[in-house]
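# Summary of the model geometry
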Amino acid sequence: MAVKPYRTRTFRAQAPIPTCRNHPAGKATSVRQEDDHVMRNTPRTTLRSRRRAGRALAVGMAAVMSTALLGACSSDDDSDGDGGNGDEEITLRVGVFGQFGFEESGLYDEYMELNPHITIEQDSITDNGDYITQLRTRLSQNSGLLDIQAIEIGNIAEMTTELSDRWVDFNEYPDVDASHFVEWKNQQATDPDGRLIGLGTDIGPTGICYRTDFFEQAGLPTDRDEVTELFAGGWEDYLAVGDQFAAEGPEGVAFLDSAGGMFNAVVSGYEERYYNAEGEIAYEDTEAVATGWELATQAAEAGLSSGLEQFQPDWNQAMANGDFATLPSCPAWMLGYIQSQAGEGGEDVWDVAQSPVPSNWGGAFVGVPEAGENKDEAVALAAWLTAPEQLAKLFTERGSYPSSAEAQQLPEVLEATHDYFNDAPIGQIFSQAAADVPTTVIGPYDQQIQEGITDGLLALEQNDLSPDDAWDDVVSALDNAVAE
Amino acid sequence: MTTEHRQAAPPGTPGGAAPRLDKPPHGEAPAPDPKEARRQARRSRRYRWDIKYSPYGFIAPFFLFFAAFGLFPLLYTGWSSLHQVNLNNPNDLEWVGFENFTRLWDDEFFWNALANTFTIGIISTVPQLAMALGLAHLLNYRMRGSMFFRVAILTPYATSIAAATLVFVMLFGQGDYGVINWGLGLVGIDGVSWEAGDWSSQLAVSTIVIWRWTGYNTLIYLAAMQAIPNDLYESASLDGASRWQQFVHVTLPALRPTILFTVVVSTIGATQLFGEPMLFGGDESGGAQGQYQTLGLYMYETGWTNRHLGRAAAIAWTMFLLLIVIGLLYAFITRWVGRSTGEEE
């Protein structure tokens, strides 16, 4: 593990010593804070000289303040204590989207404690759509970039193809060990020249989430092993159970949430779905899309789906009201989502079983832009944040399943259970699923193609289009979307 | 100017309308000192320049900013629209001539967006302005707490568009999830999938626009109404005109220029409609079949989701040209209306 040295490295002997204000440590800390303050109000693009001036100003201010406020404190070897030897005060800025989890699970604080000369600041944009728009513009102009930037899996392909040269190659840093990640995760972040531009954070191996109360009412088994067994034959079995559920289950409850969700569950189980191995757009010809479309339209036409658009307010509300019984594609991060939407009413009625064909849905990477000023320190931080221990913590604290094979085997991950889901052994369920996830080829227009097809299924469900008409619409919309 | 008149009618106050008394008569001026004359000439030249050029100096900041943030982007967008450009590499332009424009002719999604923009524009602007006119008329009456109502009617305008749209999304929820469908259910009408249908979704988006902008237009109308002299109403009522007749024959003609102004502003707003449909659907696709995707959304989707900046620039310029055409049309109508009623422009 590459990052070990950074964890154990100690900077400045005075840091851990709790002292009277007289001790230099007290002052050193105040210098650091002043410096942060200046940095925060300083545009990132300032020239080195201006930064140095800002630093000098900060040190000066700190000196004045400490003299004024803590008159008794001595002011000896402060200025020569932190300059020039690589332990310079550094502020690293991390750009993420949504509730990424680094800050929430206390990883920044931990790192700053281990490396007192480093201050970490985070910029978070709630929605990845807004985040990626900003990131693209900044990458294309190579300016305004933070030291570390998160990349959602749906955008990783355009980063490895169209924008690869804007990112640092982690392979060039001997301290970074990427071998602990699952193989396909590294492959997705590797560009055609073999440069590794992103380190994985989380992945989304899928199970099937289901409501035990509705299953009971429909005369189906409720135990998660039996339910796993029920679906074990594949997606046809799953839909057959759906037919049974529709016939005998409770009134007004759909078997699954949406045709789009069904499609997503099926299509992601294949290696080639929207792109072929040569990297060409091939969604019209792949077995994955054909099967996914077939099964999803079948579910929609049999009335098994509630016909809502995933993650829209109506869908959330349906989840809270208990208007559908299963989520065919239920990755690890979805558990937290269900919990927040379904609330107390859903506690212990939701459970999670193994998927017949596990796949991956979602996940993210962190990369270091070439334009950053502190690339070495940023790479060290990125490697530390994605090291097995930290990823395990992200899982136990935030429910983001680790992309590191090593982290997946750590006891705290493997033995994890989820109280909200009848104490389901999620560590085991998802580690088994993760082992079966195929190495999917992804391309720069993956997200657009996925959304285009999901939109087509939604139109089919909501506006009673025939599957053929809906598919024609999908193709013409996607032709337009990808045409240069 | 002769001496006889000197004693007559001296001005009461300095700076009055009468000529200054101390000014030597023409032709009797002492021989000018050349130095003094030069100085005077210089001063008057400076004075002339000041009068002539200072105003430009005063408005220059606006035009400098306009050049940097208005004109340059406009021209650069025009330049980009003639190229194939990827959002991820905007400095790498590949010349394609007018292809980005000509392809719009065969682009069903562009025409769909244009039609949606048009229909949403009509069904939001017409009721909005009609209601604003009626409300302004009501608010123009002498009544208790008129200030409160005037402020209250402007609150939607001051509300954040995102917050307001979220509320409307809940109102227009599908199936049993929306308040409106719940209300319809109470009176025995089946719920409508507002977002899924063509008309229903456009109606929903228009409702947000109407809600937001009616108050703004009301205040503009109200201000114009208060500028109408009261004697017109008095004489109208002396002639036995009813309230309604007064509204039609006094208020409306006096408001004509104001109405034209609001129509122009609303049309521009409707052509650029973006925030409401974007937040209503949650993304820029404007519904699963683009049933309420406006031109603004289509441009955004093309440029920022699908990363074709050149094509997006062409759409932007088409929208701009469209607005110019509409502007010329309105200018023509204004002139025509002004001429037909014998008013001066």
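Per an unreviewed UniProt entry, chain B goes by the name Sugar ABC transporter permease and belongs to Streptomyces radicis. The heading Sequence similarities (unreviewed entry) in the UniProt record of chain B holds the text "Belongs to the binding-protein-dependent transport system permease family." Listed under Subcellular location (unreviewed entry) in UniProt, the entry text for chain B is "Cell membrane".

Across its full length, chain B holds 12 helices and two strands. Ordered by position in the sequence, the α and β elements of chain B form the string α-β-β-α-α-α-α-α-α-α-α-α-α-α. Here chain B holds 345 residues, and 29% of them are scored as buried. The contacts of chain B with a sequence gap of at least 6 include a subset with a gap of at least 24, amounting to 63%.

What follows is about the overall build of chain A. Assigned secondary structure in chain A consists of 21 helices and nine strands. For chain A, buried positions account for 49% of its 484 residues. Looking at chain A alone, contacts between residues at least 24 apart form 74% of all its contacts between residues at least 6 apart.

Time to look at the nonpolar core. Among the nonpolar cores identified, the biggest contains 134 residues, and Val352(A) and Ala382(A) are the most heavily contacted of them. Of all the elements, helix 15 (residues 375–385) of chain A adds the most residues to this core, at eight residues. Apart from residues lying up to four places away in sequence, Ala382(A) is in contact with Ile148(A), Leu199(A), Val366(A) and Val368(A). Counting 18 residues, the second largest nonpolar core, distinct from the first, contains Leu114(B), Met278(B), Met299(B) and Met319(B).

This part takes up the environment of Val176(A). Summarising the element assignment, Val176(A) is placed in the loop between helix 6 (153–161) and helix 7 (183–188). Note on Val176(A): 23 C-beta atoms within 10 Å, which makes it buried.

This part takes up the pairing of strand 3 (residues 148–152) of chain A. All names here are of chain A. The buried fraction of strand 3 is high, at four of five residues. By the bridge criterion, two bridges tie strand 1 (residues 90–97) to strand 3 in an arrangement that is parallel. Among the inter-strand pairings, valine 94 is bridged to a residue of strand 3, identified as isoleucine 148.

Turning to the packing of helix 10 (residues 235–248) of chain A against helix 12 (residues 287–301) of chain A, a few remarks are in order. Residue and element names in this part refer to chain A. Packing of helix 10 against helix 12 brings their axes to within 11 Å, and their N-to-C directions diverge by 0 degrees. Relative to helix 12, the element helix 10 is oriented roughly parallel. Contacts between helix 10 and helix 12 pair Trp235, Leu239 and Gly242 from the former with Leu295, Gln298 and Ala299 from the latter. In the contact of helix 10 with helix 12, the residues fall into four nonpolar, two polar and no charged.

On to the UniProt feature "transmembrane region" (unreviewed entry) in chain B, then. Residues and elements named next belong to chain B. The positions that UniProt labels "transmembrane region" (unreviewed entry) are, in the present scheme, residues 53–76, 109–136, 148–172 and 314–333. Along residues 109–136, the helical share is 100% and the strand share 0%, with 39 Å between the first and last C-alpha atoms. Secondary structure content for residues 314–333 is 100% helix and 0% strand, while the C-alpha to C-alpha distance between its ends is 28 Å.

Looking at chain A, pLDDT values average 83 and 82% of them are 70 or higher. Across residues 1–85 of chain A, where pLDDT falls below 50, the model places 86 contacts with residues more than four positions away in sequence or in other chains.

Residues and elements named next belong to chain A. Non-glycine residue aspartate 423 carries a positive phi angle of around 55 degrees. Inspection of the secondary structure puts aspartate 423 in the loop between helix 18 (411–414) and helix 19 (426–436). A positive phi angle, near 55 degrees, is found at aspartate 464, a position not held by glycine. With respect to the helices, strands and loops of the structure, aspartate 464 is situated in the loop between helix 20 (446–463) and helix 21 (467–482). Judged by local crowding, aspartate 464 falls into the exposed class, with 12 C-beta atoms found within 10 Å.

A word on the packing of helix 3 (residues 108–139) of chain B against helix 9 (residues 243–271) of chain B. Residue and element names in this part refer to chain B. As a packed pair, helix 3 and helix 9 sit with axes 10 Å apart at the nearest point and diverge in direction by 145 degrees. The way helix 3 lies across helix 9 gives a crossing that is right-handed. Here helix 3 contributes Thr117, Ile120, Gly121, Ser124, Thr125, Gln128, Leu129 and His137 to the contact with helix 9, which in turn contributes Phe247, Thr251, Thr262, Val263, Ser266, Thr267, Ala270 and Thr271. Taken together, the residues that form the contact of helix 3 with helix 9 break down as five nonpolar, 11 polar and no charged.

Time to look at the pairing of strand 1 of chain A. Residue and element names in this part refer to chain A. Among the eight residues in strand 1, eight count as buried, and that is most of the element. The alternating pattern of strand 1 places Ile90, Leu92, Val94 and Val96 and Thr91, Arg93, Gly95 and Phe97 on opposite faces, both of which are buried. In terms of strand pairing, strand 1 meets strand 2 (residues 118–125) through eight bridges, oriented parallel. Along strand 2, the bridge assignment pairs leucine 92 with isoleucine 120.

The next subject is the interface of chain B and chain A. Listed as interface residues are 23 residues of chain B and, on the opposing side, 21 residues of chain A. Within the residue set of the side of chain B that touches chain A, elements represented by two or more residues are helix 5 (161–171) and helix 11 (295–305) of chain B. Here the residues of the side of chain B that touches chain A sort into nine nonpolar, 13 polar and one charged.

Now for helix 9 of chain B. All names here are of chain B. Here helix 9 spans only 36 Å end to end across 29 residues, well under the 42 Å set by a 1.5 Å rise per residue. Along helix 9, the sharpest kink reaches roughly 55 degrees, centred on arginine 256 and followed within four residues by the proline proline 257. Regarding helix 9, the residues found buried are Thr251, Leu255, Thr262, Ser266 and Ala270. Those residues of helix 9 that are buried lie in contact with helix 3 and helix 7 (198–226).

A few words now on helix 15 of chain A. Of all 11 residues in helix 15 of chain A, nine are buried, a share of seventy percent or more. Those residues of helix 15 of chain A that fall on the buried side of the exposure criterion are Glu377(A), Ala378(A), Val379(A), Ala380(A), Leu381(A), Ala382(A), Ala383(A), Trp384(A) and Leu385(A).

What follows deals with the environment of Tyr210(A). All names here are of chain A. Looking at the secondary structure, you find tyrosine 210 in strand 4 (residues 199–211). For the pair tyrosine 210 and valine 227, spaced 17 residues apart in the sequence, the C-alpha separation amounts to 9.1 Å. Discounting chain neighbours no more than four positions away, the residues touching tyrosine 210 are Phe215, Val227, Ala325, Thr326, Asp351 and Ala353.

Low pLDDT marks regions whose predicted coordinates should not be analysed in detail. Residues and elements named next belong to chain B. Here chain B averages 87 in pLDDT, and 89% of its residues register 70 or above. Of all secondary-structure elements in chain B, the lowest mean pLDDT belongs to helix 5, at 88, while strand 1 (residues 83–84) reaches the highest, 96. For this predicted complex, the interface confidence comes out at an ipTM of 0.79, alongside a pTM of 0.79.

Time to look at the environment of Ala60(B). Residue and element names in this part refer to chain B. Mapped onto the fold, alanine 60 is located in helix 1 (residues 34–80). Judged by the 11 C-beta atoms lying within 10 Å of it, alanine 60 falls in the exposed class. Separated by 27 residues in the primary sequence, alanine 60 and leucine 87 have C-alpha atoms spaced 33 Å apart.

Analysis parameters
Residues numbered from 1 in each chain as written. Chains lettered and ligands numbered in written order. Predicted model: local features only at pLDDT ≥ 70, side-chain atom pairs only at ≥ 80, totals over all residues. UniProt positions renumbered as here; feature names shortened; annotations may be inferred. Helix = DSSP H or I, 4+ residues; strand = E, 2+ residues; numbered from the N terminus. Buried ≥ 20, exposed ≤ 12 C-beta atoms within 10 Å, placed from the backbone. Contact = placed C-beta atoms within 7 Å. Core = buried A, V, L, I, M, F, W, Y, C linked by C-beta atoms within 7 Å. Pairing = 2+ DSSP bridges. Axes fitted to C-alpha atoms, helices over the stretch in contact; angles between N-to-C directions. Parallel < 35°, antiparallel > 145°, perpendicular 65-115°, else oblique. Nonpolar A, V, L, I, M, F, W, Y, C, P; charged D, E, K, R; others polar. pLDDT = per-residue confidence, 0-100. Left-handed = near helix turned anticlockwise from the far one by under 90°. Expected span 1.5 Å × (residues − 1). Bend = angle between axes of the 7 residues up to and from the residue.

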